[in-house]
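Survey of secondary and tertiary structure
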Amino acid sequence: MTPNGLKQKVTRLRQAYAPHEHRPLGGYLAAMGTYAGVTAALAGAARLTGRPVPERPAPSDVVLLSIATHKLSRLLSKDAVTSPLRAPFTRYDRPIGSGEVMEQVRDSGSSARHAIGELLTCPFCLAVWVATGLTGGLVLAPRLTRLVATALTAVAASDFLQMGYAVAQQAAEGGGHGED
């Protein structure tokens, strides 16, 4: 197939997939390829270093990494302080509370920029990458990874306590102050 024929085929595929909306399929394909490369690099590093890969992760590690993945994914995708990391791919929209911001993906015609913007603004999408990195870290540098995951888990627990405290404070201020 000629390069021109391939280009026409890809154009027809894009139009058939999303006839009324631009979807950055090329950017998604690049992101999937990058993810596969990162995963292969982690597996290769584990093999080269001779680090044993657990047959079955300990339940405590699964819980620790789950909470740390949640926190790091939200921190990277929504936190106001990490917005400089997202700025090349997003546009600020508005604050959404608890130190988080809402951003819109820049659609500058670059499918890669759009796909990266979607990845960086979606904590659910980013969680796959974060979990893979933490899991790889658990194999390659378990003590450091558990330490970092413990700190992220503590921050996640603190977030929930802060929100619970704010709700309790609002309830106390809103009701039951007056005497009959």
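Our structure is the block above this text.
To keep things clear, this report deals only with the structure shown in the data block. (Residues numbered from 1 in each chain as written. Predicted model: local features only at pLDDT ≥ 70, side-chain atom pairs only at ≥ 80, totals over all residues. Heavy atoms only, no water.)

Side note on the overall build of the chain
The cut-off we apply is this: The helix and strand labels rest on DSSP assignments: H or I over at least four residues marks a helix, E over at least two residues marks a strand, and numbering proceeds from the N terminus. For the radius of gyration, the atoms used are the C-alpha atoms, and the globule rule reads 2.2 Å times the number of residues raised to 0.38. Three labels apply to residues, based on accessible area from a 1.4 Å probe with only protein chains included: buried if under 20% of the type maximum, exposed if over 50%, partly exposed otherwise in between. When charges are counted, Lys and Arg are positive and Asp and Glu negative, with His and the chain ends excluded. A charge is said to be at NZ when it belongs to Lys, at CZ for Arg, at CG for Asp and at CD for Glu.
The helix and strand tally for the chain stands at seven helices and two strands. If you list the helices and strands of the chain from N to C, you get α-α-α-α-β-β-α-α-α. A globule of 180 residues ought to have a C-alpha radius of gyration of about 16 Å, yet the chain, at 22 Å, is considerably larger. Split into buried and exposed, the 180 residues of the chain put 23% on the buried side. On the chain, the mean spot of the 18 positive side-chain charges and the mean spot of the 13 negative ones are 18 Å from each other.

Focus on the side chain of T82
Here is the rule: The term polar contact refers here to a pair of N or O atoms within 3.5 Å; inside protein, the definition further demands a hydrogen-donor-capable atom paired with an acceptor-capable atom, and it admits residues adjacent in sequence only when both atoms are side-chain atoms. Throughout, a contact is declared for two residues whenever any of their heavy atoms are within 4.5 Å.
Among the structural elements, T82 can be located in the loop between helix 3 (59–78) and helix 4 (83–86). On the basis of relative accessibility, which here comes to 12%, the residue T82 falls in the buried class. In terms of polar contacts, T82 uses its side chain to reach the side chain of R86, at 2.7 Å. In this view, T82 contacts L75 and L76; residues no more than four positions away in its chain are not counted.

Details of the pattern of salt bridges
Any two side chains of opposite charge can pair if their charged atoms end up close together. The test is simple: Salt bridge, as used here, is a side-chain nitrogen of Lys or Arg placed within 4 Å of a carboxyl oxygen of Asp or Glu.
Taken as a whole, this structure holds six salt bridges when the rule is applied. Among the ionic pairs, R23 bridges to E118, the shortest N-O distance being 3.3 Å. Separated by 95 residues along the polypeptide, R23 in the loop between helix 1 (3–17) and helix 2 (25–49) and E118 in helix 5 (residues 111–121) bring together distant segments of the chain. Classification of E118 as partly exposed rests on a relative accessible area of 22%. Here E100 and R74 are joined by a salt bridge, their closest N and O atoms 2.7 Å apart. Here E100, found in strand 2 (residues 100–105), pairs with R74, found in helix 3; they are 26 residues apart in sequence, far enough to count as distant.

Brief notes about the pairing of strand 2
The cut-off we apply is this: Between any two strands, pairing holds if DSSP finds at least two bridges.
For strand 1 (residues 90–97) and strand 2, the ladder comprises six bridges, and the chain directions are antiparallel. When the bridges of strand 2 are listed, G97 appears paired with E100.

Focus: helix 3
Worth spelling out the cut-off: In this scheme, a helix's expected span is set at 1.5 Å multiplied by one less than its residue total.
Over its 20 residues, helix 3 extends 28 Å from the first C-alpha to the last, a length consistent with the 28 Å expected when each residue adds 1.5 Å. Buried within helix 3 are the following residues: D61, L64, L65, A68, T69, K71, S73, S77 and K78. Taken together, the buried residues of helix 3 touch helix 4, strand 1, strand 2, helix 5, helix 6 (123–140) and helix 7 (142–174).

Some remarks on the packing of aromatic side chains
What counts, and what does not: Any two of the Phe, Tyr and Trp rings considered here, Trp counted by its six-membered ring, make a pair once their centres fall within 6.5 Å; the pair's planes then place it as stacked at under 30 degrees, edge-to-face at over 60, or tilted in between.
Tallied over the entire structure, the rule returns one aromatic pair. Ring centres of Y35 and W129 lie 5.3 Å apart, and the angle between their planes is 70°; on these two criteria the pair is classed as edge-to-face. Of this pair, Y35 sits in helix 2 while W129 sits in helix 6, and the two are 94 residues apart along the sequence. Residue Y35 is classed as partly exposed on the basis of its relative accessible area, which comes to 25%. A residue is classified by how much of its surface remains accessible, and W129, at 25% relative accessible area, is partly exposed.

What about the packing of helix 3 against helix 6?
Spelled out, the test is: Fitted lines through C-alpha atoms serve as axes, helices being fitted only where they are in contact, and the angles separating the N-to-C directions of these axes extend from 0 to 180 degrees. When describing relative orientation, an angle under 35 degrees is termed roughly parallel and one over 145 degrees roughly antiparallel, while 65 to 115 degrees is termed roughly perpendicular and anything else oblique. Each crossing gets its hand from how the near helix is turned against the far one by less than a right angle, where anticlockwise is left-handed and clockwise is right-handed.
The contact between helix 3 and helix 6 brings their axes to 8 Å, and the two run at 130°. Overall, the two elements helix 3 and helix 6 adopt an arrangement that is oblique. Crossing handedness for the pair helix 3 and helix 6: right-handed. Across the interface between the two elements, D61, L65, A68, T69, L72, S73, R74, L76, S77 and K78 from helix 3 touch P123, L126, A127, V130, A131, L134, T135 and L138 from helix 6.

A look at helix 5
Turning to helix 5, its buried residues are H114, A115, G117, L119, L120 and T121. Residues of helix 5 that are buried in the fold lie against helix 2, helix 3, helix 4, strand 1, strand 2 and helix 6.

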